[in-house]
Amino acid sequence: MKPFTIAGIQMKVSATHSNLEMMKLKLDITMNVYPAVDLVLFSELCGYGPLTYYAQELPGHFEDEMKAMAKKHKIWLVPGSIFEKSGDKIYNTALVINPQGEVVSRYRKMFPFYPYEVGVTPGSEFCIFDIPDVGRFGLSICYDMWFPETIRTLAVMGAEVILHPTLTGTMDRDIEHSIAQTMAAVNQCFFFDINGLDSGGIGRSTVCGPDGRIMYQAGSTEEIIPIEIDMERVQRSRELGVMRLGQPLKSFRDHMGDFSIYNAHKKHEYLESLGPLIKPQKPEQLTELKQRESMIQLPVNLVE
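A. View of a nonpolar patch on the surface. Together, M22, L25, I29, V33 and Y34 give the surface a local cluster of nonpolar side chains, amounting to about 410 Å² of exposed area. If you trace the backbone, L25 turns up in helix α1 (residues 20-33). Assessed through its relative accessible area of 43%, L25 is described here as partly exposed.

Spelled out as structure tokens, the structure:
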């Protein structure tokens, strides 16, 4: 099995203008500094920022530009996600593009970050894709991982690497690190959690191995994070156990039990007793405030 290198790009993201040209520049820099990279992963909502006001149609200009970049560098490319406008709905959607510049999958985030990701429709289909002579990859976005059933489903479908673009700018980033480690360990897989900066998050991207240990954790500045992975580590972990101890995937297989409680048509009396998921009452004002916040942030070199 040939070596395979994944580069996460942790970059500054604007909420008020397109980040497309900067993404292209970062890609060019990455592939010139690290020409052995096989797959590049950006953060969630990297292309146009975190406001649904800038939602784009797919296919469209963003997709065409990213397809051209993947083909130019002959790499697999997951350019984070963008808000996708589809009819009267908006989704948080990530692309998977192969080295021939073809879109092999579009994944719509299953769990928008309610109550804050206002007006975004959840997706309903899982995303896995195969890279020939390497292995099977799964795609998940940010808040999805707070629902362990999502990552477990990808693992049961055979995913050996989870690509996880994230936008976290809040105080729960440490919790997310622990979740990323846990998802890697209990599903015995690699986990690439790539966050953005500024309007795209607070950085501290994390890469975990199939034993749950952190392979690399970034700081809070721009970084290119190239990590070479050995898929045999996944195979050995799943064959012999995490640190040669527990074998969670085999145990899950052998005692899967009855999980019909998750059936969407089943009554969930306790969950219903928790009341409605309260959303911000003035989403238009929230968008306007976020735009103003981004516009008044001056570059450091302009501040006396």
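So, next bit.
B. Structural view of the sheet that holds strand β14 (residues 214-217). Taken together, the six strands give an open sheet; going across it, the order is β8-β9-β10-β11-β13-β14, and neighbouring strands pair in mixed fashion. Two strands lie at the open edges of the sheet, namely β8 (127-131) and β14, each paired on one side alone. The sheet shows a mean angle of 15 degrees between the axes of neighbouring strands, taken without regard to direction. Of the strands in this sheet, β11 (190-194), β13 (206-208) and β14 touch helix α4 (residues 173-187), which is tilted by about 20 degrees from β13.

C. A look at the pattern of salt bridges. By the definition in use, this model includes 15 salt bridges. Linking E65 and K24 is a salt bridge whose minimum nitrogen-to-oxygen distance equals 2.5 Å. Highlighted residues: E65 in helix α2 (residues 61-73) and K24 in helix α1, separated in sequence by 41 residues. Owing to a relative accessible area of 17%, K24 belongs among the buried residues under this scheme. Between R108 and E84 there is a salt bridge, with the nearest N and O atoms lying 2.9 Å from each other. Residue R108 is located in strand β7 (residues 103-108), and its partner E84 is located in strand β5 (residues 81-86); the two are separated by 24 residues in the primary sequence. Under the relative-accessibility criterion, R108 is labelled partly exposed at 29%.

Parameters and conventions
- Residues numbered from 1 in each chain as written.
- Predicted model: local features only at pLDDT ≥ 70, side-chain atom pairs only at ≥ 80, totals over all residues.
- Heavy atoms only, no water.
- Patch = residues over 30% accessible without salt bridge, like charges linked within 9 Å, V, L, I, M, F, W, Y side chains within 5 Å.
- Areas by Shrake-Rupley, 256 points an atom, 1.4 Å probe, with all protein chains shown as cover.
- Salt bridge = Lys/Arg side-chain N within 4 Å of Asp/Glu carboxyl O.
- Helix = DSSP H or I, 4+ residues; strand = E, 2+ residues; numbered from the N terminus.
- Buried < 20%, exposed > 50% of the residue type's maximum accessible area, 1.4 Å probe, protein only.
- Pairing = 2+ DSSP bridges.
- Axes fitted to C-alpha atoms, helices over the stretch in contact; angles between N-to-C directions.
- Contact = heavy atoms within 4.5 Å.

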